[in-house]
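Here's the letter readout for the chains.
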Amino acid sequence: KSPKFKDPSLFCKSAFINNEWVNAKSGETYSVIDPATENEIGKVPEMNVEDIREAIKAAKSAFKEWANLTAKNRHDFLLALHSQILENQNDLATILTLENGKSYNESLGEIRYGATFVEWFAQESRRVYGDVIPSPFKNHKIIVEKQPIGVVGLITPWNFPSAMITRKVSAALAAGCTVVIKPAPETPYSALALAELAVRSGFPKGVINVVTTDKHIKEVGLELCTNLDVKKISFTGSSAVGKLLMEQSSSTLKNISLELGGNAPFIIFDDADIDSAVEGAIACKFRAMGQACIAANRIYVQSSIYAEFASRLADKVSGFQVGNGFDPKTTHGPLINQRAVNKVTRHVEDAVAKGAEILIGGTKHTGNFFYPTVLTNMTKEMVITSEETFGPIAALYKFETEDEVMKLANDSPYGLAGYFYSRDIGRCWRVANALEVGMVGVNTGIIHNCEAPFGGGSDIFINIKESGLGREGSKYGIDDFIDLKYVSMGGL
Ligand code: ADP
């Protein structure tokens, strides 16, 4: 039950700057807590502005050389890292479960998913093609080259402590950028383990830096956003912090990519294959205990199948084993901390007070554990409708018509992901087109993979909703780290 490492040297407890393992200049540290046992896992440096400046300096010094390598060179480094990740996947999963709590199997899944980005962007690095544009002038050529943007500051969340880093880092490195990573305070060890694997893969010094901090995050974040040597911020986290970072980045006109909150609608029409809709809802709602920005937050079920869907869903949920992620029987781990438990509790209590019924779950377990829950009789006045729950609460709303449900589904400032189940081909195209989100799952509850573009979308007036800017993964993801340079070549 207790975690065992094949290679304990992957469990790194210092920060990583210029290929050196370092402490905070102040000597401060903070404790990292195992969400399952609430015991301290270890300490890491509590870094401040001085330390992040060091990391930025290292990334800046490394930039020219890294950017000037051939694409094939960068491809080789990334592929070496990919192999290292796969070779060490068990230890990486152990670290992930230890600091995040998700079941060991889920952690292994995340490590493998995270590795796909490293492989993908290794390959993409060799396909950063420029353009030759037909000129309006004689004896003249228009040439467009693609250049790396520069030093990138990456700020990542705790819910996917490994994959959110590989998704950003590998695209940035493939483009020729160097990076300063600021992992979530709750989950620094996954980031540090990746840094150790980067050392083993031979990455030159300064290309990858990891700065850990908890209570100094505001000033460290401000420094990343305002430091002139940082050319871009790439952030995954809450919409509130995303907006703050954008505001802070304006003084230096930094390029910024944001993957923010969601409030995904998940619609089941009465012509759907109910078994597969239940399966999709389980995957979409309860993966990472619902602590995912693309998790279904509002599940809309057409009235004639509502009761059947609800009872089948509750039946599946009753088979979950909630527990310590290292217990092989565990299917679902704890939430990240008490703040998360309190939010989920508040959402359930609010819904019940306004008339929702608990079909299963609905209560806190011990510590950071919360029973996976199915709620019926949901109405739009309940807090869950407008706030991202980020927890294991399947909230079921009844609807009558397609028109009605589309209005409900789009009635949200968020526009990240949306899902629906139907076997009517006309409806599939219609609804996929009308959902105001960046990503649509049609007859599937799983939409993430390295090949596809991940990111938030806009409404019908093409106003960006509050789920972010830019795309990660896919052939588009590298563009977020690239600048265009146009060369006008005359006198030919
Ligand atoms: P959550 O509440 O789920 O932790 P956050 O958006 O607060 O979501 O956190 C996501 C990431 O943003 C974490 O790495 C966190 O440390 C970081 N963060 C939080 N506040 C700031 C800030 N003021 N400046 C920069 N980064 C921040």
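Residues numbered from 1 in each chain as written. Predicted model: local features only at pLDDT ≥ 70, side-chain atom pairs only at ≥ 80, totals over all residues. Heavy atoms only, no water.

S.K.: Would you mind showing me how to read the packing of aromatic side chains here?
M.R.: To describe a pair of aromatic rings, one takes the distance between the centres and the angle between the planes. In total, this model carries 14 aromatic pairs according to the counting rule given. Aromatic side chains Trp 66 and Phe 203 sit 5.5 Å apart centroid to centroid with 35° between the ring planes, which places their arrangement in the tilted category. Placement of the pair is Trp 66 in helix H1 (residues 49–68) and Phe 203 in the loop between helix H6 (188–200) and strand S9 (208–210), with a sequence separation of 137 residues. For the pair Trp 66 and Phe 203, a shared accessibility class is recorded, and that class is buried. Aromatic side chains Phe 269 and Phe 399 sit 5.6 Å apart centroid to centroid with 85° between the ring planes, which places their arrangement in the edge-to-face category. Pair noted here: Phe 269 is in the loop between strand S12 (264–268) and helix H9 (274–286) and Phe 399 is in strand S16 (residues 393–399), with a separation of 130 residues, a long-range link. Considered together, Phe 269 and Phe 399 belong to a single accessibility category, that of buried residues. Three or more aromatic residues joined by ring pairs form one cluster here, namely Phe 5, Phe 11 and Tyr 189. For Arg 167, the ring lying beneath its charged end belongs to Phe 454, and the centroid distance is 4.0 Å. (Phe/Tyr/Trp six-rings, centres within 6.5 Å; stacked < 30°, edge-to-face > 60°. Helix = DSSP H or I, 4+ residues; strand = E, 2+ residues; numbered from the N terminus. Buried < 20%, exposed > 50% of the residue type's maximum accessible area, 1.4 Å probe, protein only. Lys NZ or Arg CZ within 6 Å of the ring centre and 35° of its normal.)

S.K.: Would you mind going over the site of the ligand with me for this structure?
M.R.: Near the ligand lie 17 residues; those nearest to it are Thr 156, Trp 158, Lys 182, Phe 235 and Ser 238. Measuring from an oxygen atom of the ligand, one finds a backbone N or O atom of Thr 156 at 2.7 Å. Here an oxygen atom of the ligand sits 2.7 Å away from a polar atom, N or O, in the side chain of Lys 182. Protein burial of the ligand: of its 550 Å² of free accessible surface, 84% is covered by the chains. Every element with two or more residues in the shell around the ligand is listed here: helix H7 (217–226), strand S10 (230–236) and helix H8 (239–249). Broken down by element, the shell around the ligand gets its largest block of residues, three residues, from H8. Of the residues in the shell around the ligand, the class split is 10 nonpolar, five polar and two charged. (Near = heavy atom within 4 Å. Polar contact = N/O pair within 3.5 Å; in protein donor to acceptor, adjacent residues only side chain to side chain. Areas by Shrake-Rupley, 256 points an atom, 1.4 Å probe, with all protein chains shown as cover. Nonpolar A, V, L, I, M, F, W, Y, C, P; charged D, E, K, R; others polar.)

S.K.: Can you walk me through the pairing of strand S15 (residues 373–378) in this structure?
M.R.: If a strand is regular, its side chains alternate between the two faces of the sheet. Within S15, five of the six residues are buried, which leaves the element mostly enclosed by the surrounding structure. As defined by bridge partners, strand S14 (residues 357–360) adjoins S15 across three bridges and the pair is classed as antiparallel. Looking across to S15, one finds that Glu 357 is bridged to Thr 376. Note: S15 against S16, four bridges, orientation parallel. Directly across from Met 378, in S16, lies its bridge partner Tyr 397. (Pairing = 2+ DSSP bridges.)

S.K.: Help me understand the nonpolar core, please; the structure alone is not making it clear to me.
M.R.: If you look at soluble globular proteins, the nonpolar side chains tend to sit buried side by side. Formed by 64 residues in total, the largest nonpolar core has its most connected members in Ile 85, Leu 173, Val 179 and Phe 203. Residues contacting Phe 203, with those up to four places away along its chain left out, are Asn 19, Trp 66, Phe 77, Leu 78, Leu 81, Leu 173, Ala 198 and Ile 208. By size, the runner-up hydrophobic cluster in this structure holds 34 residues, among which are Phe 309, Val 374, Tyr 419 and Tyr 421. (Core = buried A, V, L, I, M, F, W, Y, C linked by side-chain atoms within 4.5 Å. Contact = heavy atoms within 4.5 Å.)

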